[in-house]
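# Analysis of the macromolecular model
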Amino acid sequence: FSSPYIQFEGGAKPRPAGLSSGGTAPRVSASAQPPPPPSATHARGSRESLADGGARRRGAFARACRWCCGKREPEARHIRLNATRPTPRRYARNLVVNTKYSFFSFVPKVLYEQFSQFFNLYFLVVALSQLFPPLQIGLLFTYIAPLAFVLAVTMCKEGFDDYKRYRTDREINTELYTRLTPGGGDVTVAAQDISVGHVLRVRANQRVPADLLLLRTKESSGILFLRTDQLDGETDWKLRLAVPSCQKLSSDEALAEASGGVYAPEPTADIYAFEGDLTLSDSEGDATEPLSL
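Residues numbered from 1 in each chain as written. Predicted model: local features only at pLDDT ≥ 70, side-chain atom pairs only at ≥ 80, totals over all residues. Heavy atoms only, no water.

Below, the discussion takes up the packing of helix α2 (residues 106-115) against helix α4 (residues 141-173). For the pair α2 and α4, interaxial distance at closest approach is 11 Å and the crossing angle is 125°. Overall, the two elements α2 and α4 adopt an arrangement that is oblique. Our pair here, α2 against α4, has a crossing hand that is right-handed. Two secondary-structure elements touch here, α2 through F106, V107, V110, L111, Q114 and F115 and α4 through L147, L151, T154, M155, E158 and G159. In the contact of α2 with α4, the residues fall into eight nonpolar, three polar and one charged. (Axes fitted to C-alpha atoms, helices over the stretch in contact; angles between N-to-C directions. Helix = DSSP H or I, 4+ residues; strand = E, 2+ residues; numbered from the N terminus. Parallel < 35°, antiparallel > 145°, perpendicular 65-115°, else oblique. Left-handed = near helix turned anticlockwise from the far one by under 90°. Contact = heavy atoms within 4.5 Å. Nonpolar A, V, L, I, M, F, W, Y, C, P; charged D, E, K, R; others polar.)

In this section: the nonpolar core. The biggest cluster of nonpolar side chains holds 18 residues, and the ones touching the most others in it are L215, C246, L278 and L291. For this core, the elements supplying multiple residues, two or more each, are β2 (77-81), α7 (252-257), β9 (259-264) and β10 (275-282). Ignoring anything within four residues of it in the chain, the contact list for L291 reads L213, V243, V262, F274, E275, G276, D277 and L278. Grouped together as the second largest cluster of nonpolar side chains are eight residues, A191, I194, V202 and L212 included. (Core = buried A, V, L, I, M, F, W, Y, C linked by side-chain atoms within 4.5 Å. Buried < 20%, exposed > 50% of the residue type's maximum accessible area, 1.4 Å probe, protein only.)

Glancing now at the sheet that holds β10. The strands making up a sheet are joined through hydrogen bonds of the backbone, oriented either antiparallel or parallel. Ordered in space as β2-β9-β10-β11, the four strands form an open sheet in which the pairing is antiparallel. Two strands lie at the open edges of the sheet, namely β2 and β11 (285-292), each paired on one side alone. Across the sheet, the mean angle separating the axes of adjacent strands is 15° when strand polarity is ignored. Across five bridges, the pairing between β2 and β9 is antiparallel. Opposite H78, over in β9, you have Y263 as the bridge partner. (Pairing = 2+ DSSP bridges.)

Turning to its location among the elements, D162 is positioned in helix α4. In this structure, D162 is in contact with T99, K100 and Y101, ignoring residues within four places of it in sequence.

Moving on, we get to the pattern of salt bridges. On inspection of all chains with the given rule, the structure shows 11 salt bridges. As a salt-bridge pair, K157 and D161 come within 3.1 Å of each other at their nearest N and O atoms. With a gap of four residues between them, K157 and D161 both fall in helix α4, about one helical turn apart. When salt bridges with common partners are traced through the structure, they connect R201, R216, K218 and D252 into a single cluster. (Salt bridge = Lys/Arg side-chain N within 4 Å of Asp/Glu carboxyl O.)

Another point: a nonpolar patch on the surface. On the surface, L128, L131, F132, L135, L140 and I144 cluster together into a nonpolar patch covering about 560 Å² of accessible area. For L131, a relative accessible area of 52% corresponds to the exposed category. (Patch = residues over 30% accessible without salt bridge, like charges linked within 9 Å, V, L, I, M, F, W, Y side chains within 5 Å. Areas by Shrake-Rupley, 256 points an atom, 1.4 Å probe, with all protein chains shown as cover.)

For any two aromatic rings, the description comes down to two numbers: the centre-to-centre distance and the angle of the planes. According to the stated counting rule, one finds six aromatic pairs in the structure shown. Taking the centre distance of 5.5 Å and the plane angle of 70° together, the rings of F118 and F119 count as edge-to-face. A single burial state applies to F118 and to F119, both of which are exposed. Relative to F123, the ring of Y122 has its centre 5.4 Å away and its plane inclined at 70°; by these criteria the two rings are edge-to-face. A relative accessible area of 45% means that Y122 is categorised as partly exposed. In this structure F123 comes out as partly exposed when scored by relative accessible area, which is 46%. (Phe/Tyr/Trp six-rings, centres within 6.5 Å; stacked < 30°, edge-to-face > 60°.)

By themselves, these are just geometric observations and shouldn't be taken as functional.
What follows is the structure, given as structure tokens:
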């Protein structure tokens, strides 16, 4: 059997709605003090405008710094179902990277890790001391060769292990999945190209490529069993239920043509808790259902 999902790892932070222009009566106040002269009022307004402008610039500068450094605070997510642009902002790629080194950082990182150990640093200092004639004891080769041999073996082992991690990451990132497109079609997409808001068809015994929301299954009961051993190490099968309103749809094509949205709170480190809601729109209106694990 196959199960369509919608990814929910992304979205925009909700903002409060503004008041309507005719919903509040104007506030009137009186004062015994005479109004300030126009020049003073204008000067005070100018100072306030300059202060407000400085605050806005500082806020924009802080946001730019957070954007450049890649550090963003977790945000709640609003995802539009089957929309051309499901979310108002872009998120990081769905890319799995478990490698420790890059082509340029391999040698510096390995040397730093090795010489962070006391004994390796000690033998390095002893070997360097033999470069000074007053401190020489025996041949310089007898000090350099053992240290160089240990570093060479360690670098070969680290490089081989990192290459195996790279191959595993590439296998996971290039695994193919079926994405349901708005209108009822489907396309093949690699795991690394999955974006927030994509509706996916995950088949039996296939790895779940990202944080997904179970919408419907081929089983009429909407029951699904899955394992989370890659998250928490538990190998037993866990029961999950599809969203009832989506499970009632006639087919996956009907789901691909549905309109609505998903709300998910900001991400947390707790993988056993989730509370959100899904809203489906039809001719009778909007129906909202709570979501949980």
